[in-house]
Amino acid sequence: MSPPSINPALTQASQAASEDDCRSILANGILDLPKRKKPKLTIMELELDKAKYELDGRKLMCHLDPFGSPTTAISVGLRVDSGRESDLDMYYSSYRSRRESGLEDELVKIEASELTDICSWITTGMSNQRSTDLGSIKHVGLTYMLHAGEAFDPPIGKGEDKMTRRFNHPQIACLLCPRKKLDSFDEDHEIIIAALQEGLIKTSAWNWPTAFYAEGIYNPENKLKGLFCSLPAFWFYTHLFIGPSAAVTNTIISHSSKLSKNCAWGLTEVTLYIIAYVHVVMYFTLSTAPRWCTVIGQMGLSELLWLIIEMFDDKDDWTHETLGWWNA
């Protein structure tokens, strides 16, 4: 399934090149392109451009790659486009999908400094959207993990920092415990919590947390059954893409005058990228991390995101059933 249409922003974090290297590549790539004379933009036009690319950054954050670098992705795309690289298919496919929505026309008209501005605006949009999403769900997101009438014991107050979360709280430790270890957790949660805290039980990306599964559904012989179909994940999606007022009332209708992401961005389905983003945000919310990061203990959030996306590569029955559950 192809990602939703997002103007020029593409992003895939490069582990091989620094941002300085990418900016140099970006400049060289632009210099190699044929130029067309471009009229000087007015201040109003520049502000409109800035708003447009910041919006692209917001969209990228939520339904493509929240960990990506626009500068890296565009610079790699330019190198492949000009035939200077042949082993960067993963990066180029992301660049190409974004180029088709208008970036190619822009590239032949702008200078390297302008493209640097564009990447900066996209990055700002990503940062702003990240702050909005994580801030709005930081506390209320915990309530989505509970049954009706249930409460955290010990209580977690709104004014508390996140240090009481993750494996420092018995209920949250249960939610983040690998599902395959849940029976052991139920038998003696103190021993399992201690093992989780000491890193003796692996909690890396492939060890799917209990919170990622539909409640009460787990088959050791078929570990895909119920995976990514939990009600808490669905309410996180509802909060982030339809609106907090819908999530807190257990409906899919927003009661806010503010346009939801789905309405404002014309999103008509829950894609695999959205599913991955929702689960990353849910894991981050349950963690002790005070600010956005790529690694929490043994869990690499970027790795988690792309593992979830790759799970949907095979168009098998599980993929169709899971996407169907989200879009029912």
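Residues numbered from 1 in each chain as written. Predicted model: local features only at pLDDT ≥ 70, side-chain atom pairs only at ≥ 80, totals over all residues. Heavy atoms only, no water.

**Q** What is the right way to look at the environment of Val 270 in this model?
**A** Looking at where Val 270 falls in the secondary structure, it is placed in the loop between α12 (261–265) and α13 (272–286). Expressed as a C-alpha distance, the spacing of Val 270 and Tyr 237, which sit 33 residues apart in the sequence, is 8.9 Å. Each residue touching Val 270, except ones within four places of it in the same chain, is listed here: Tyr 237, Ile 275, Leu 323, Trp 326 and Asn 327. (Helix = DSSP H or I, 4+ residues; strand = E, 2+ residues; numbered from the N terminus. Contact = heavy atoms within 4.5 Å.)

**Q** Explain unusual backbone geometry to me, please; I cannot follow it from the model alone.
**A** It is generally the case that most residues other than glycine have a negative phi and that most peptide bonds are trans. That bond from Asp 153 to Pro 154 is cis: its omega, 5°, falls within 30 degrees of zero. Structurally, Pro 154 is set in the loop between α6 (140–143) and α7 (170–176). Non-glycine residue Phe 228 carries a positive phi angle of around 65°. Looking at the element boundaries, Phe 228 is found in the loop between α9 (189–197) and α10 (231–242). Of note in this structure, Asn 250 is not a glycine but carries a positive phi near 55°. Looking at where Asn 250 falls in the secondary structure, it is placed in the loop between α11 (244–248) and α12. Overall, the relative accessible area of 54% leaves Asn 250 in the exposed class. (Buried < 20%, exposed > 50% of the residue type's maximum accessible area, 1.4 Å probe, protein only.)

**Q** Got a minute to help me understand the pattern of salt bridges in this structure?
**A** Pairing is possible between side chains of opposite charge, provided their charged atoms come close. Enumeration according to the criterion identifies 1 salt bridge in this entry. Of the charged contacts, one joins Asp 133 and Lys 261 as a salt bridge, the two residues approaching to 2.9 Å between their closest N and O atoms. Separated by 128 residues along the polypeptide, Asp 133 in helix α5 (residues 112–137) and Lys 261 in helix α12 bring together distant segments of the chain. For the residue pair Asp 133 and Lys 261, the accessibility class agrees, reading buried in each case. (Salt bridge = Lys/Arg side-chain N within 4 Å of Asp/Glu carboxyl O.)

**Q** Mind showing me how you'd approach the layout of surface pockets here?
**A** Over the atoms rolls a probe the size of a water molecule, and in doing so it shows where empty space is left. For the largest pocket, the calculated volume is near 700 Å³. If you go around the largest pocket, you meet 26 residues; those closest to its centre are Met 145, Leu 146, His 147, Glu 215 and Pro 232. Taken together, the elements giving at least two residues each to the lining of the largest pocket come down to α7, α10 and α11. Class assignment for the residues of the lining of the largest pocket results in 16 nonpolar, 7 polar and 3 charged. (1 Å grid on protein atoms, 1.4 Å probe; cavity = no way out; pocket = protein on both sides within 12 Å on 5 of 7 lines; lining within 4 Å. Points joined across faces, edges and corners; volume = space filled by probe spheres on them. Nonpolar A, V, L, I, M, F, W, Y, C, P; charged D, E, K, R; others polar.)

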